[in-house]
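Structural overview for review
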Amino acid sequence: MKKKKYLLALIPLFGIVLMLSGCGSATEKDSKTTLSISSSDVIASMDSSINTDVIGGQGLTNTMDGLYRFDGKKLKPAVANSMVEPTNDGKTYTYKLRHTKWSNGKPVTAGDFVYAWRRTVDPKTASQYAYIFSGVKNADDISAGKKPVNSLGVKALDKYTLQVQLSDPIPYFNQLMANATFFPQYKPAVEKAGKQYGLNSAGMVFNGPFKLVNWHVSDNSWTQVKNNKFWDAKSVKLKKVQYYVYKDPNTGLNLYDSNRINRLEKIGGDTARQVSGYKTFSKDKFASTFYIEMNRKKDPFFNNENIRRAISLSFNRTQLNKNVLGNTAGFTSTLIPSGMSYNPKTGVDFTKDPAIKPLASYSDYNQKLATKLWKKGLKETGQKNLSFTLLGDDTDTAKKQNEYIQGQMEKNLPGLKLTLNNVPFKSRLTKSTDGDFDMVVTAWNADYPDPYSFLQLFETGNAQNNGKYSNKKFDEYVKKSATVDANNKDARWNDLVQATKILTEDQGVVMLYQYYQANLTRPNVKNYRVSPNGMYNLVTAYKN
Amino acid sequence: MAKYILKRILYLFLTLFIIASVTFFLMKLLPGTPFTNQNRLSPGQLKIVKAQYGLDQPVFIQYLRYMGGLFQGNLGTSYQFNNEPVTQLIGQRLAPSMQIGAQAMILGTVLGILLGAVAAIRKNTWVDTLATFISILGLSIPSFVLAVLLQFYLAFKWHIYPVALWDNFQSSVLPTLALAALPLGNVARFMRTEMVDVMSSDYIELAKSKGNSNWQVVTKHALRNSLIPVVTIIGPMAVSVMTGSMVVENIFSIPGIGEQFVKSITTNDYPTIMGLTIFYSFLLILVILIVDILYGFIDPRIRLGNGGKE
């Protein structure tokens, strides 16, 4: 009986010992041909007609190939065999395709592009990215259900010739072709999977540098292996790319420090501050800017230029970046981010244009001037005190950021009472669209690396112009860039610069910062570069 | 007993129906739409997309459609993961949560029962003090704090376990330990209190006077009777451990169901919100039913029969 007693008492101890001893070492081995990368979230869809987010976009960029592909800043031919200049006043693009193959050995044809594009604009697909085809002949009417899908301005002249007809010239059309939404699709695979297409790697075929294997949607990790059928497979040095989702910043850092992952991406706030001293710490510029919109319709005092300027000058962006954002942002005085678009003649970054550079004074912290302009603005609008609400996201960083702005504004703008309203992302969007806000902190990521992607938002009457900013001259420049000057690169550049100047001088929006993605990358990871469209090109990435 | 169980199952479905209906209408009060690209869609495009998902219909029609599907066992498809059946999403995410939850419950409960029993038997000795200290520690240390400590020492510093990620059994050990602390503390406390009571009962004295050894008294009489209140708390605790381990899952990067639930709410993924609410409710009601049935097995005196009457 005594024996039994001791045996029973030993059960829990045995359990613990078993758990502790049965495991061995958890030290990670690193392979030269496998690159492991963190991901902030799971892939929501691998269907290029459906995907809307960056993670799915990266998955598609790694596994599919479009007409063009960014290599660093440079746009290079991919399935198209050369860079194409448009004809017919910029309205016709004729692409000659390389003889490339899908991962199942079948040829990638012009018909695969036609099929994919038609499928995306088809209202039945309910693509939330169909709007990006706007400008391709009949795309808007097809999306609205007014015209048949086969009337889309895209056709296969022969197996390897694709022709696109635009209703108006799109000067950034070639850049768009590197976007996953314009990738081809292999019709038999799509039709076989039906509504389940893009939810499972089984049955999918790929024409890009890697193939996704053993993946099911919402998986927390996924593997991509080299696609030997990729037309440029000889340039691909990595054999495997492994993604792991991490949610907790400390876990991410532990995974990186223990070399379980070679690259930790999207480090924010406190963690970024903590690791900013690492030699392997780096920041990638993204074509994304954060800014404050003011609701002129609801609060007419925002029509006063002095009030808008005072708001912009009342807080210190450098301090905000250092103390709140962990140095993960970049200063920008204009809506247009840096590192995205370059002067067609000189190659100079848009934000370094001689006409843009002096605009920095509109966003430089200037306590005295802010107070002075504010008082003047109050007098001009007949107000003694102003109280309004700043709408924003409810993430930790967003809350801290808005608290900082609130503190600075209330300190430097006498008579101002600013209340914060931090809500979930979707609520913020709805409130913004409904005009249910005084001021809102918002962000825009470029759909394509061109200033027009940002500037068109603030045209009078644009659906995204939530603050109802309106300036005739600004509208004229933006419109001119897309119409009369669309085929004249220099004139178009000037239009975009002038429009930006007006928007900044007007303080149509109060700029906050440009989003920089902070990362830790092992020193042996080479050529891991971000493109102007926010994607990484893994064709050239390698480890040594 | 069979009639009682049948009746309880009927109530289970009725409760689920009410929960589903209430949740459906409450969910519709959430601001925003489920569309990720909402701010880029023109009003016309938004209308088309809404029509595709049936969201252009009046709420009551949407309700009838959903309930119609539900009666056929169809929980709909996720908006967030385009067209992924919610049942599949739950199934895929449930396994890791259930595994670490079940492991934590088994470990925590077994250790808790033993700790509580030992504390009661060695009442007012250093053993009791130590056991009480451990159980209070288990109750008071938040699981996420324990998770971070375990990760730092056992994984990062000493390399005994993986830091995070869900690869094999090894990956489940640290989250299990982090989650086991609470049931351990809870069960130990309940067990000790109940067993101290039972040990001073007349029938224990009688058993002792009959010449039974201490071991026999404890295992045959005291332990069994002390288990009833423990069983009562185990049910709901099991559900909460299995489904509410989101923070621990995040710390160890485990693809669990908890995170999915929160995400479905923030993304207005209506079918997933509904599916998970119904699933959680089902789990809780089922566990309560099982606990009720278990009472009968532990103590035959409260076994039910005759249409639910004692």
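Residues numbered from 1 in each chain as written. Chains lettered and ligands numbered in written order. Predicted model: local features only at pLDDT ≥ 70, side-chain atom pairs only at ≥ 80, totals over all residues. Heavy atoms only, no water.

1. Some remarks on the interface of chain A and chain B
Which entries qualify depends on this criterion: By definition in these notes, contact holds between two residues if any of their heavy atoms fall within 4.5 Å. Buried area: the accessible surface (1.4 Å probe) lost by two parts on joining, summed over both. Salt bridges are counted wherever a side-chain nitrogen of Lys or Arg sits within 4 Å of a carboxyl oxygen of Asp or Glu. Polar contact criterion, stated in full: a pair of N or O atoms within 3.5 Å, where within protein one must be able to donate a hydrogen and the other to accept it, and residues adjacent in sequence count only if both atoms are side-chain atoms. Secondary structure is summarised from DSSP: a helix means a run of H or I of at least four residues, a strand means a run of E of at least two, and numbering begins at the N terminus for each. Each residue is assigned to one of three groups, with Ala, Val, Leu, Ile, Met, Phe, Trp, Tyr, Cys and Pro labelled nonpolar, Asp, Glu, Lys and Arg labelled charged, and all others, Gly among them, labelled polar.
Facing the 59 residues of chain A at the interface are 54 residues of chain B. For the pairing of chain A and chain B, the buried interface totals around 5,200 Å² over both sides, and the portion due to carbon and sulfur atoms is 57%. On inspection of chain A and its partner chain B, the count reaches three salt bridges. For Asp41(A), the salt bridge goes to Lys263(B), with nearest N and O atoms at 2.8 Å. At the boundary of chain A and chain B, one finds 19 residue pairs in polar contact (both at pLDDT 80 or more). Going through the elements one at a time, helix H1 (2-21), strand E9 (240-245), helix H7 (249-257), helix H13 (425-433) and strand E15 (439-445) of chain A are the ones with two or more residues in the side of chain A that touches chain B. When residues in the side of chain A that touches chain B are grouped by element, the largest group, seven residues, is from H1(A). For the side of chain A that touches chain B, a count of residues per class yields 28 nonpolar, 19 polar and 12 charged.

2. Examining the nonpolar core
For clarity, the cut-off: Throughout, nonpolar core names a set of buried Ala, Val, Leu, Ile, Met, Phe, Trp, Tyr and Cys residues whose side chains join them through atoms within 4.5 Å. Only protein chains enter the accessibility calculation, which uses a 1.4 Å probe; a residue is then buried when its area is under 20% of its type maximum, exposed when over 50%, and partly exposed in between.
Counting residues in each nonpolar core, the largest one holds 146 residues, and the members touching the most others are Tyr95(A), Trp117(A) and Phe173(A). Residue contributions to this core peak at 13 residues, all from helix H12 (residues 270-298) of chain B. Apart from residues no more than four positions distant in its own chain, Trp117(A) is found in contact with Phe133(A), Leu152(A), Val154(A), Val164(A), Phe173(A), Met177(A), Phe182(A) and Phe183(A). Leu154(B), Val173(B), Leu179(B) and Val196(B) belong to the second-largest nonpolar core, a separate cluster that totals 62 residues.

3. Examining the packing of aromatic side chains
The relation between two aromatic rings is expressed through the spacing of the ring centres and the mutual angle of the planes. Operational definition: Here is the rule: rings of Phe, Tyr and Trp (six-membered ring for Trp) pair when centre to centre is within 6.5 Å. Planes less than 30 degrees apart are stacked, more than 60 are edge-to-face, and the remainder are tilted.
Applying the stated rule across the entire model yields 36 aromatic pairs over all chains. A centroid spacing of 5.7 Å and a plane angle of 65° characterise the contact between Phe286(A) and Tyr515(A), whose relative ring orientation is edge-to-face. Here Tyr515(A) lies in strand E16 (residues 509-521) and Phe286(A) lies in strand E11 (residues 281-294), a separation of 229 residues in the sequence. The class for Tyr515(A) is partly exposed, based on a relative accessible area of 23%. On the numbers, 6.0 Å between centres and 80° between planes, the contact of Tyr79(B) with Tyr270(B) is edge-to-face.

4. Quick look at the UniProt feature "transmembrane region" (unreviewed entry) in chain B
Residues and elements named next belong to chain B. To be explicit about the condition: UniProt positions are given in the numbering used here, feature names are shortened, and annotations may be inferred rather than shown by experiment.
Following the UniProt record, one finds the feature "transmembrane region" (unreviewed entry) at residues 9-30, 100-121, 133-153, 173-191, 227-248 and 278-298. Across residues 100-121, the secondary structure splits into 100% helix and 0% strand, with the terminal C-alpha atoms separated by 31 Å. End C-alpha to end C-alpha, residues 278-298 measures 30 Å, and it is 100% helix and 0% strand.

5. Description of a positive patch on the surface
Residues and elements named next belong to chain A. Cut-off, in case you're wondering: By definition, no residue in a patch forms a salt bridge, and every one has over 30% relative accessible area; like charges are joined within 9 Å, nonpolar side chains (Val, Leu, Ile, Met, Phe, Trp, Tyr) within 5 Å. Accessible areas in this description were obtained via Shrake-Rupley with a 1.4 Å probe; residue shielding takes into account the shown protein chains only. Charge convention: Lys and Arg are scored as positive, Asp and Glu as negative, and His as well as the terminal groups of each chain are ignored. For this purpose, a charge sits on NZ of Lys, CZ of Arg, CG of Asp or CD of Glu.
A cluster of basic residues, Lys-73, Lys-285, Lys-352 and Lys-357, forms a positive patch on the protein surface. Of note, Lys-357 is situated in the loop between strand E12 (329-330) and helix H11 (367-381). You can call Lys-357 exposed: its relative accessible area is 55%.

6. Some words on the UniProt feature "domain: Solute-binding protein family" (unreviewed entry) in chain A
The positions UniProt marks with the feature "domain: Solute-binding protein family" (unreviewed entry) are residues 74-465 of chain A. Counting secondary structure, residues 74-465 of chain A comes out at 27% helix and 20% strand; the distance between its end C-alpha atoms is 31 Å.

7. A few points about the domain arrangement of chain A
When the parts of a complex come together, some accessible area is lost, and that lost area is often taken as the interface size. Residues and elements named next belong to chain A. The cut-off we apply is this: Note: domain ranges come from an automatic or database domain assignment.
Each assigned domain of chain A is listed here: domain 1 (41-241) and domain 2 (286-515). One C-alpha centre belongs to domain 1, the other to domain 2; they are set 33 Å apart. Between domain 1 and domain 2, the contact holds 14 residues from the first and 12 residues from the second. A buried area of about 990 Å², summed over both sides, lies between domain 1 and domain 2, and 58% of it is on carbon and sulfur atoms. For the domain 1 face of the interface with domain 2, the top three residues by lost area are Pro-169, Pro-171 and Tyr-172, together amounting to 45%. Connecting domain 1 to domain 2 are zero salt bridges. The tally of links between domain 1 and domain 2 comes to five residue pairs in polar contact (both at pLDDT 80 or more). Considering only residue class, the side of domain 1 that touches domain 2 consists of eight nonpolar, three polar and three charged.

8. What to know about a nonpolar patch on the surface
Residues and elements named next belong to chain B. A cluster of nonpolar side chains, namely Tyr-11, Leu-14, Phe-17, Ile-18, Val-22, Leu-26, Leu-29 and Phe-71, defines an oily patch on the protein surface of about 870 Å² accessible area. The element that contributes the greatest number of residues to the nonpolar patch is helix H1 (residues 2-27), accounting for six residues. Residue position: Phe-17 is located in helix H1.

9. Topic: the sheet that holds strand E4 (residues 92-96) of chain A
All names here are of chain A. Our working rule: Only strands joined by at least two bridges in the DSSP assignment are considered to pair. Here an axis means a line fitted to C-alpha atoms, over the contact stretch when the element is a helix, while the angle between two N-to-C directions is reported on a 0 to 180 degree scale.
Strand order in the open sheet formed by three strands is E4-E6-E5, and the pairing between neighbours is antiparallel. The open sheet terminates on both sides in strands that have one partner only, identified here as E4 and strand E5 (154-158). The mean inter-strand angle of the sheet, taken between neighbouring strand axes irrespective of direction, is 20°.

10. Details of the packing of helix H4 (residues 86-121) of chain B against H12(B)
Residue and element names in this part refer to chain B. Selection criterion: To sort the angles, those under 35 degrees are grouped as roughly parallel, those over 145 as roughly antiparallel, those from 65 to 115 as roughly perpendicular, and the leftovers as oblique. Left-handed describes a crossing whose near helix is turned anticlockwise from the far helix through less than a right angle; right-handed describes the clockwise counterpart.
For the pair H4 and H12, the least separation of the axes is 10 Å and the interaxial angle reads 60°. Taken together, the axis directions place H4 and H12 in an arrangement best described as oblique. Like other packed secondary-structure pairs, H4 and H12 cross with a definite hand, here right-handed. Mapping the contact onto sequence places Val-86, Leu-89, Ile-90 and Leu-94 in H4 and Pro-271, Thr-272, Gly-275, Leu-276 and Phe-279 in H12. Class assignment of the residues belonging to the contact of H4 with H12 gives a composition of seven nonpolar, two polar and no charged.

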